[in-house]
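# Notes for the structure review
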Amino acid sequence: MAVKIKLARFGTKSKPFYRIVVSENGTKRDGRFIERVGSYDPMVAPSVVTFNEPRVQRWLSEGAQPTEVVRRLIQKSFPGLIEKREEHQRAKIVASRKKRKQRSAAAAK
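Residues numbered from 1 in each chain as written. Predicted model: local features only at pLDDT ≥ 70, side-chain atom pairs only at ≥ 80, totals over all residues. Heavy atoms only, no water.

### Regarding the pattern of salt bridges
In a structure, side chains of opposite charge can pair up when their charged atoms sit close to one another. One pass over the structure, following the stated rule, counts two salt bridges. With its nearest N and O atoms 2.7 Å apart, the salt bridge here joins arginine 55 to glutamate 35. Placement of the pair is arginine 55 in helix α1 (residues 53-61) and glutamate 35 in strand β3 (residues 35-41), with a sequence separation of 20 residues. Judged by its relative accessible area of 17%, glutamate 35 is buried. (Salt bridge = Lys/Arg side-chain N within 4 Å of Asp/Glu carboxyl O. Helix = DSSP H or I, 4+ residues; strand = E, 2+ residues; numbered from the N terminus. Buried < 20%, exposed > 50% of the residue type's maximum accessible area, 1.4 Å probe, protein only.)

### Observations regarding α1
Buried within α1 are the following residues: Val56, Trp59 and Leu60. Along α1, the residues classed as buried sweep out an arc of 100° about the axis, all on the same side. Among the exposed residues of α1, those pointing more than 90 degrees away from its buried face are Pro54 and Ser61. Glycine 63 occupies a position one or two residues after α1 and carries a positive phi of about 105°. (Arc of directions from axis to C-beta.)

### A look at the pairing of β3
In terms of burial, β3 is largely enclosed, as six of its seven residues are buried. Pairing of strand β2 (residues 15-24) with β3 involves five bridges; the strand directions are antiparallel. The residue bridging arginine 19 from the neighbouring strand is serine 39, located in β3. Sheet topology note: the β3/strand β4 (residues 48-51) ladder contains four bridges and is antiparallel. Considered in β4, the bridge of serine 39 is made with threonine 50. (Pairing = 2+ DSSP bridges.)

### Describing the sheet that holds strand β5 (residues 65-66)
Overall, mixed pairing links the five strands, which are arranged β4-β3-β2-β1-β5 in an open sheet. With partners counted over all chains shown, the strands left at the sheet margins are β4 and β5, one partner each. Across the sheet, α1 is in contact with β1 (3-12), β2, β3, β4 and β5; its angle to β3 comes to roughly 120°. (Contact = heavy atoms within 4.5 Å. Axes fitted to C-alpha atoms, helices over the stretch in contact; angles between N-to-C directions.)

### Side note on the packing of aromatic side chains
The full count for this structure, using the stated rule, is two aromatic pairs. Centre to centre, the rings of tyrosine 18 and tyrosine 40 are 6.0 Å apart; their planes meet at 25°, and the pair counts as stacked. One end of the pair, tyrosine 18, is in strand β2; the other, tyrosine 40, is in strand β3, and 22 residues separate them in sequence. Tyrosine 40 matches tyrosine 18 in its accessibility class, with the two residues each being buried. Measuring from centroid to centroid gives 5.5 Å for phenylalanine 51 and phenylalanine 78, while their planes differ by 55°, and the two rings are tilted. One end of the pair, phenylalanine 51, is in strand β4; the other, phenylalanine 78, is in the loop between α2 (68-77) and α3 (81-108), and 27 residues separate them in sequence. In this structure phenylalanine 51 comes out as buried when scored by relative accessible area, which is 17%. (Phe/Tyr/Trp six-rings, centres within 6.5 Å; stacked < 30°, edge-to-face > 60°.)

In short, the description is geometric, and any link to function would need to be established separately.
This is the structure in structure tokens:
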């Protein structure tokens, strides 16, 4: 199951308000979602973004992919969170490649 963290639009015409939700990859923008993890109000002078930080971290650690807009909002709210996650994933990939090389070298002997 591919999961995304994305914006769901609420509010009235020309007065948008967004909820930041976790949903399956194929669902519609305002369709069914798994969990609500924050909100975004672009209509006030400094835009207001709220997150449930532990839930966002949990979903990111489980592999949920944020959309580009949500990625930028997360980076503004929690500097370094996305980069740490991506760095950790790269380290896991490098470690698995090393293990694979060691296994193939041991099998060749």
